[in-house]
Amino acid sequence: QVQLVESGGGLVHTGGSLRLSCAASGSIFSINTMDWYRQASGKQRELVASIAKGGTTNYADSVKGRFTISRDNAKNTAYLQMNSLKQEDTAVYYCKAGVMRAIGSSQIMYWGQGTQVTVSS
């Protein structure tokens, strides 16, 4: 089995920063893309940022220039550095990873349990 555990969420004032971490553990051969999603109260879950195994990144327009996604492949961990936070960034942030559990196996998508980020004025 594979587990994803997010950490680093919390309460921050507008303009502040937080760094989220997503650590994958368990039966892992390789991890392809790692993504950060968020879901605000009453809204659909949306993709915030993604990073391929080789380091290629993509961001939602709403966070470009403020958020930075990175990963440490040796630690099976992804990070989301969030700067210049706005109230509209308030949401539960989820990590998703595409995991291959063995050589030649199909990719399986796993989700973490989420971490709350609250930005207050």
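Just so it is clear, the model here is predicted, and its values are computed rather than measured.

Caption draft 1: Highlighting the state of the cysteines. For the coordinates displayed, the defined rule picks out one disulfide. Two residues share a disulfide in this structure: C22 and C95, whose sulfurs sit 2.1 Å from each other. Looking along the S-S bond of the C22-C95 disulfide, the torsion reads about -75 degrees, which is the left-handed sense. In this pair, C22 is assigned in strand β3 (residues 18-26) and C95 in strand β9 (residues 91-100), connecting sequence segments 73 residues apart. One exposure class covers both C22 and C95, and it is buried.

Caption draft 2: Local environment of the sheet that holds strand β1 (residues 2-7). With respect to topology, four strands assemble into an open sheet ordered β1-β3-β8-β7, the strand pairing being antiparallel. Because the sheet does not close on itself, it has two edges, and the strands there are β1 and β7 (67-72). Between one strand axis and the next, the sheet turns through 15 degrees on average, direction left out of account.

Caption draft 3: Spatial organisation of the pairing of β1. Residues V2, L4 and E6 line the buried face of β1, whereas the alternating positions Q3, V5 and S7 sit on a face that is not buried. Here β1 pairs with β3 via six bridges, running antiparallel. Bridge pairing in β3 places E6 opposite C22.

Caption draft 4: Geometry of unusual backbone geometry. Although it is not a glycine, N76 adopts a positive phi angle of roughly 50 degrees. Structurally, N76 is set in the loop between β7 and β8 (77-82). Residue classification places N76 among the partly exposed residues on the basis of a relative accessible area of 23%. Of note in the backbone geometry, S84 takes a positive phi value of approximately 50 degrees without being a glycine. Structurally, S84 can be placed in the loop between β8 and β9. Classification of S84 by relative accessible area gives partly exposed; the value is 41%.

Rules of the game
- Numbering of residues begins from 1 in every chain and follows the order in which that chain's sequence is written.
- Local features in this predicted model are restricted to residues of pLDDT 70 or higher, and side-chain atom pairs are both shown and tallied only at a pLDDT of 80 or more, whereas totals for entire chains, interfaces and linings draw on every residue.
- The side-chain quantities take in all heavy atoms of the structure and omit both hydrogens and water.
- When two cysteine sulfur atoms are found within 2.5 Å, that pair is recorded as a disulfide.
- Runs of H or I in DSSP of at least four residues are treated as helices and runs of E of at least two as strands, each being numbered from the N terminus.
- Burial here depends on accessible area, computed with a 1.4 Å probe over protein chains only, as a share of the maximum for the residue type. Under 20% is buried, over 50% is exposed, and the range in between is partly exposed.
- Note on pairing: DSSP must find at least two bridges between two strands before they are called paired.
- Helix axes are fitted to C-alpha atoms over the stretch in contact, other axes to C-alpha atoms as well, and angles between N-to-C directions run from 0 to 180 degrees.

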